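Here's the letter readout for the chains.
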2 protein chains.
Amino acid sequence: MGVQNESFLSKRLESVCARLRAHGHRVTPQRLAIMEFVFSSAQHPTAQQIYEALQARFPTMSLATVYKTLHLLEELEEVAVLGVEAEGARYDGAQPVPHAHLVCERCGAVVDAHEPAQQQDCLALVKKRGWLLRHWRLELLGLCPSCQSAPAQGQEPSTRADVAHAGGDQPY
Amino acid sequence: MGVQNESFLSKRLESVCARLRAHGHRVTPQRLAIMEFVFSSAQHPTAQQIYEALQARFPTMSLATVYKTLHLLEELEEVAVLGVEAEGARYDGAQPVPHAHLVCERCGAVVDAHEPAQQQDCLALVKKRGWLLRHWRLELLGLCPSCQSAPAQGQEPSTRADVAHAGGDQPY
DNA sequence: CTACCTGCAAACAGTTTGCAATTGG
DNA sequence: CCAATTGCAAACTGTTTGCAGGTAG
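## Here we look at the overall build of chain A
- In terms of helices and strands, chain A carries six helices and five strands.
- Along chain A, from the amino end to the carboxyl end, the secondary structure elements read α-α-α-α-β-β-β-β-α-β-α.
- When burial is assessed residue by residue, chain A has 40% of its 172 residues classed as buried.
- Here the contacts in chain A between residues at least 6 apart in sequence split such that 58% fall between residues at least 24 apart.
- With the model as given, the accessible surface of chain A reaches about 9300 Å², and the carbon-plus-sulfur share is 54%.

Now the structure itself:
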């Protein structure tokens, strides 16, 4: 979260707002807040988490608005929906570039992993099958390094998966 | 769907029944039917579809029983749960080997794709991050060859379609 | 002004759970 | 026999929708 990212974020926001308007959609304070949160979050939040995070600023905002906004952004391909685990879909506000996700089954951390080699292989696979690729996602579920060294908890690792310590920030 | 698969299926059934008993579970007609259906289906059926398919043979069987049985099989790692599409989770009764699924966003077709090269890369990626892999899924969303050549339908191809997961198991 | 948007509540779909009756081993 | 299982219905959870009042452009 440096000055670098700040300007990155505002540029992105500006661009998406323009796209919204261009598509006949309005830019409301709620939408702006949701976009800001999702675009700048490295943690792939759920709709519920976005909602809760913005409660302070928008006490009257409803979950429905969060969902509606996320769908809008999804349509514009400005966010991607991660696989639906038991607890609900998670939204990736990163640039819409296909990439793998490392998901910790214990703490719920989600780490992005842009691996060129990985992408190459997927493309080869798809081409071979004559598939017309539109989206893709790879999720690797397991335990992150810190959860591995942590003493096993009473419950099974995968039982709850609450986001305790979020995924690291390093690109990789 | 040849004689080959027939014997393959019965061997698998026998083995899983043995495992069920070994774990203190019972082998009921309902469970047997569900297993038979899931293990022999190449189409990654949803719980609902399994339920409907067995209605003829077991008119009184409830959806809850289907779910309970699927959970049991999941526990024993005899089926993998594919991602939750809008319409519900899909179950993969194939051997629990991680593999990619090609999902058609228009017709919903799900094609398995066991590609060694793909697996190699995933492992490399995981090792590099120090992740302890427990499951993984690769989702390639797009249009299958036949849907590409078919005339575009009234609705957008991407209207609803979303997730498709491949659940893997072995702890590499 | 006038679509478009918000927030609320009610509707939904898939999945899970509690429990009495049933049944496999 | 008796614990495990079934089937039913009701509860739950995440998501979607309808609509009246509010608001961006």
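Moving on, there is more to tell.
## Digging into the protein's contact with DNA strand C
- In the vicinity of DNA strand C there are 23 residues, among which Arg26, Thr28 and Arg31 of chain A together with Tyr67 and His71 of chain B approach most closely.
- Among atoms of DNA strand C positioned within 4 Å of the protein, sugar and phosphate together represent 71%.
- Threonine 60 of chain A is positioned with one of its backbone polar atoms (N or O) 2.9 Å from a phosphate oxygen of DNA strand C.
- Between a phosphate oxygen of DNA strand C and a side-chain N or O atom of arginine 21 of chain B, the distance comes to 3.0 Å.
- Per-element accounting of the surface near DNA strand C gives the leading share, five residues, to helix 4 (residues 63-75) of chain B.

## A look at the protein's contact with DNA strand D
- Surveying the vicinity of DNA strand D reveals 23 residues, the closest of which are Tyr67 and His71 of chain A together with Arg26, Thr28 and Arg31 of chain B.
- Here, DNA strand D places atoms within 4 Å of the protein, and 71% of those atoms are sugar or phosphate.
- Contact distances for DNA strand D include 3.0 Å between a sugar or linking oxygen and a side-chain N or O atom of glutamine 30 of chain B.
- Separating a base oxygen of DNA strand D from a side-chain N or O atom of lysine 68 of chain B is a distance of 2.9 Å.
- Broken down by element, the residue count for the surface near DNA strand D peaks at five residues, all from helix 4 (residues 63-75) of chain A.

## Quick word on the pattern of salt bridges
- Enumeration over the complete set of coordinates arrives at four salt bridges over all chains.
- The partner of glutamate 78 of chain A in a salt bridge is arginine 19 of chain A, with the nearest N and O atoms 2.7 Å apart. In this pair, glutamate 78 of chain A sits in the loop between helix 4 and strand 1 (80-85) while arginine 19 of chain A sits in helix 1 (residues 3-22), placing the two residues 59 residues apart along the sequence.
- Classification of glutamate 78 of chain A as buried rests on a relative accessible area of 7%.
- Look at arginine 19 of chain A and you get partly exposed, because its relative accessible area is 30%.
- Residues glutamate 78 of chain B and arginine 12 of chain B are paired through a salt bridge, measuring 3.1 Å at the closest nitrogen-oxygen approach. Linking glutamate 78 of chain B in the loop between helix 4 and strand 1 (80-85) with arginine 12 of chain B in helix 1 (residues 3-22), this pair joins segments that are 66 residues apart in sequence. Residue glutamate 78 of chain B shares its accessibility class with arginine 12 of chain B, and that shared class is buried.
- Taken together, the salt bridges that share partners define one network made up of Arg12, Arg19 and Glu78 of chain A.

## Quick look at the side chain of threonine 46 of chain A
Residue and element names in this part refer to chain A.
- As for its position among the elements, threonine 46 is in the loop between helix 2 (29-40) and helix 3 (47-53).
- Overall, the relative accessible area of 9% leaves threonine 46 in the buried class.
- Once you skip the residues sitting within four places of it in the chain, threonine 46 turns out to touch Gly88, Ala89 and Arg90.

## With respect to the environment of histidine 25 of chain A
Residues and elements named next belong to chain A.
- For histidine 25, the position within the fold is in the loop between helix 1 and helix 2.
- Its relative accessible area of 25% is what places histidine 25 among the partly exposed residues.
- Contacts of histidine 25, omitting those with residues within four sequence positions, involve Leu20, Arg31 and Leu72.

The rules behind the values
Residues numbered from 1 in each chain as written. Chains lettered and ligands numbered in written order. Predicted model: local features only at pLDDT ≥ 70, side-chain atom pairs only at ≥ 80, totals over all residues. Heavy atoms only, no water. Helix = DSSP H or I, 4+ residues; strand = E, 2+ residues; numbered from the N terminus. Buried < 20%, exposed > 50% of the residue type's maximum accessible area, 1.4 Å probe, protein only. Contact = heavy atoms within 4.5 Å. Areas by Shrake-Rupley, 256 points an atom, 1.4 Å probe, with all protein chains shown as cover. Near = heavy atom within 4 Å. Polar contact = N/O pair within 3.5 Å; in protein donor to acceptor, adjacent residues only side chain to side chain. Salt bridge = Lys/Arg side-chain N within 4 Å of Asp/Glu carboxyl O.

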